[in-house]
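For reference, the chains in residue letters:
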Amino acid sequence: MTVLRVTGLWKSFGSQSVLTGVDLEVPQGSLTAVLGPSGSGKTTLLRVVAGFERGDRGSVTLGSGVVDDGHHYVPPEHRGIGYVPQEGSLFPHLTVRANVAFGVRGSRRRRRGPHAPATLSGGEGPALPVDDLIEMVGLTGLGGRYPHQLSGGQQQRVALARALAVRPGLVLLDEPFSSLDTGLRSSVRADVQAVLRSRGTTAVLVTHDQDEALSVADQVAVVHAGRIDQCGTPQELYDHPSDPTLARFLGDANVVAATIQGDRVATPFGPLPWRVGPGMRAPQGAVTALVRPEQLRVETGDGPGMRARVVRCEFHGHDTVVTVEPIAPLPAPGTPDGGEAIVGSGSVTVRSEGNLVLPDRTPVRITATGSVLTWPSAVRGAAR
């Protein structure tokens, strides 16, 4: 079942077009990430779905009911939606328990109100007890505290509990983790994901963080310039990006000019096996090839592949980022070591089969300091 369907949605503010024909479907029980850079239109899309803004053209359907199509409009409080804003927006003069209870009371008022019931069936049924909601988000014993007595992560959990109090059929999360530091962001994100999955709640998460989108979502919709460029599972988007720009946006990528030569593609890394993405025609001649950093291996000494000098190593704990520049063979190669600025020379080889050939829209050649390579720290000793 589809909980949310957006069809041909356009939205402008004055002469500025923000959404330019967005199409999106969100299945029941899924977590969908709307991913895009600042100014791409992702937050505007969320606000139109929530009912805070009205679309200029197109339609928004929740469950089986149209809530905005240019003629028919259902106000936010009658859409059966829970909303978690970026900063939590808790009432500072109310305790945790009172903030959550506000959502419960709002849910009851909507069910008793004179308007049509919530479009999504999640808005029906008895509200959960406030203390159960607080326990659900991991804040047992903190019900008497005020927002200023909580950490940023705890405030976001209170905002989630308040959103869930309305028993929503859909929860919208507007970059709720962006203000948290890196370590806290990861743990709070995991906790929120666990709560949503335990209840089978359908959710849409707006984010500009690629790692966040790829790690938590069932499907990712990448928004660029007011339109969804590609939508699919995280694995599909990472393995089969539709163009070089999207390939780079979804993680480190070596995107290089190449030439098809039968069953091989000639690249700066040497001849490689290749494949095309789903729905693409097999190209001929000049193409653009995608090689992900994890496919690459840096070796010292003479060998196949691209001759290169390691000019910088950055140790990040979980991996090491190595920057190289293509060169002619040099004598006395050394072993890559993150403690040195210029480390020596060797070769860069591709160790995975089936490299993706992308549409030849913006071919990029390796330049003097072009490639960014990574390999897990655990296997750094394999670089020889």
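The structure we're discussing is the one just above.
What this report covers is the structure whose coordinates are included nearby. Within each chain, residues carry numbers counting from 1 in the order of the written sequence. A pLDDT threshold of at least 70 governs which residues receive local features in this predicted model, and a stricter bar of 80 or more applies before side-chain atom pairs are shown or counted, although totals over entire chains, interfaces and linings include all residues. Each side-chain value is worked out from all heavy atoms of the structure, with water and hydrogens disregarded.

1. Considering the pattern of salt bridges
In step 1: By definition here, a salt bridge exists when the distance from a side-chain nitrogen of Lys or Arg to a carboxyl oxygen of Asp or Glu is within 4 Å. Under the counting rule described, the total for this entry stands at 7 salt bridges.
In step 2: Residue Arg97 pairs with Asp131 through a salt bridge whose shortest N-O separation is 3.1 Å. One end of the pair, Arg97, is in helix H2 (residues 96-112); the other, Asp131, is in helix H3 (residues 130-136), and 34 residues separate them in sequence.
In step 3: Judged by relative accessible area, which is 39%, Arg97 ranks as partly exposed.
In step 4: The residue Arg189 makes a salt bridge to Glu212 at a minimum N-O spacing of 3.3 Å. Placement of the pair is Arg189 in helix H5 (residues 182-199) and Glu212 in helix H6 (residues 210-216), with a sequence separation of 23 residues.
In step 5: On the basis of relative accessible area, Arg189 is assigned to the buried category, the value being 13%.
In step 6: The exposure class of Glu212 is buried, given its relative accessible area of 3%. A run of DSSP states H or I qualifies as a helix once it reaches four residues; a run of E qualifies as a strand once it reaches two. Both are numbered from the N-terminal end. We call a residue buried when its accessible area falls under 20% of the maximum for its residue type, exposed when it is over 50%, and partly exposed in between, using a 1.4 Å probe and counting protein chains only.

2. Things to note about the packing of helix H4 (residues 152-164) against H5
In step 1: Between the N-to-C directions of two axes lies an angle of 0 to 180 degrees, each axis being a line fitted to C-alpha atoms and, for a helix, fitted only over the stretch in contact. At a minimum axis separation of 10 Å, H4 and H5 run at an interaxial angle of 20°. Regarding the angle of H4 to H5, the classification is roughly parallel. In this structure, H4 meets H5 at a crossing whose hand is right-handed. Contacts from Gly153, Arg157, Leu160 and Leu164 of H4 reach H5 at Leu184, Val188, Asp191, Val192, Val195, Leu196 and Arg199.
In step 2: Note on residue categories: nonpolar means Ala, Val, Leu, Ile, Met, Phe, Trp, Tyr, Cys or Pro, charged means Asp, Glu, Lys or Arg, and polar means any other residue, Gly included. Across the contact of H4 with H5, the residue classes tally to 7 nonpolar, 1 polar and 3 charged. To sort the angles, those under 35 degrees are grouped as roughly parallel, those over 145 as roughly antiparallel, those from 65 to 115 as roughly perpendicular, and the leftovers as oblique. Two helices crossing with the near one rotated counterclockwise from the far one by less than a right angle form a left-handed crossing, whereas a clockwise rotation gives a right-handed crossing. In this description, contact between two residues means that some pair of their heavy atoms is separated by no more than 4.5 Å.

3. So, the sheet that holds strand E6 (residues 81-84)
In step 1: Pairing between strands is defined by DSSP: at least two bridges between them are needed. Spatial strand order, E6-E7-E8-E3-E9-E10: 6 strands in an open sheet with mixed pairing. Bordering the open sheet on either side are E6 and strand E10 (227-232), each of which pairs with just one other strand. In this sheet, adjacent strand axes meet at a mean angle of 20° when their direction is disregarded.
In step 2: Alignment of E6 against strand E7 (residues 170-174), held across 4 bridges, turns out to be parallel. Counted as the bridge partner of Ile81 is Leu170 from E7.
In step 3: Here helix H1 (residues 42-50) sits on the sheet in contact with strand E3 (31-35), E6, E7, strand E8 (203-207) and strand E9 (219-224), set at roughly 150° to E7.

4. A word on unusual backbone geometry
In step 1: The phi dihedral of Glu175 is positive, around 45°, even though this residue is not glycine.
In step 2: By the element assignment, Glu175 lies in the loop between E7 and H5.
In step 3: Among the residues examined, Glu175 registers a relative accessible area of 11% and is labelled buried.

5. With respect to H5
An α-helical turn contains 3.6 residues, so any two residues separated by three or four positions project in the same direction.
In step 1: The end-to-end C-alpha separation of H5 is 26 Å, in line with the 26 Å expected for 18 residues at 1.5 Å each.
In step 2: For H5, the set of buried residues is Arg185, Val188, Arg189, Val192, Gln193, Val195 and Leu196. Seen end-on, H5 carries its buried residues on one side only, within an arc spanning 160°. For H5, the exposed residues set more than 90 degrees away from the buried face come down to Gly183 and Ser198. To estimate how far a helix should reach, multiply one less than its number of residues by 1.5 Å. This arc describes the spread of directions from the helix axis toward the C-beta atoms.

6. Quick notes on the sheet that holds strand E5 (residues 65-68)
In step 1: Ordered in space as E2-E1-E4-E5, the 4 strands form an open sheet in which the pairing is antiparallel. The two strands at the open ends of the sheet, each matched to only one other strand, are strand E2 (16-27) and E5. Averaged over all neighbouring strand pairs, the angle between strand axes comes to 25°, with direction disregarded.
In step 2: Taken together, the 3 bridges between strand E4 (residues 57-62) and E5 define a ladder with antiparallel strand orientation. Bridged to Val60 within E5 is Asp68.
In step 3: Strands in contact with H1 are strand E1 (2-13), E2, E4 and E5; relative to E1, the strand with the most contacts, it is inclined by about 115°.

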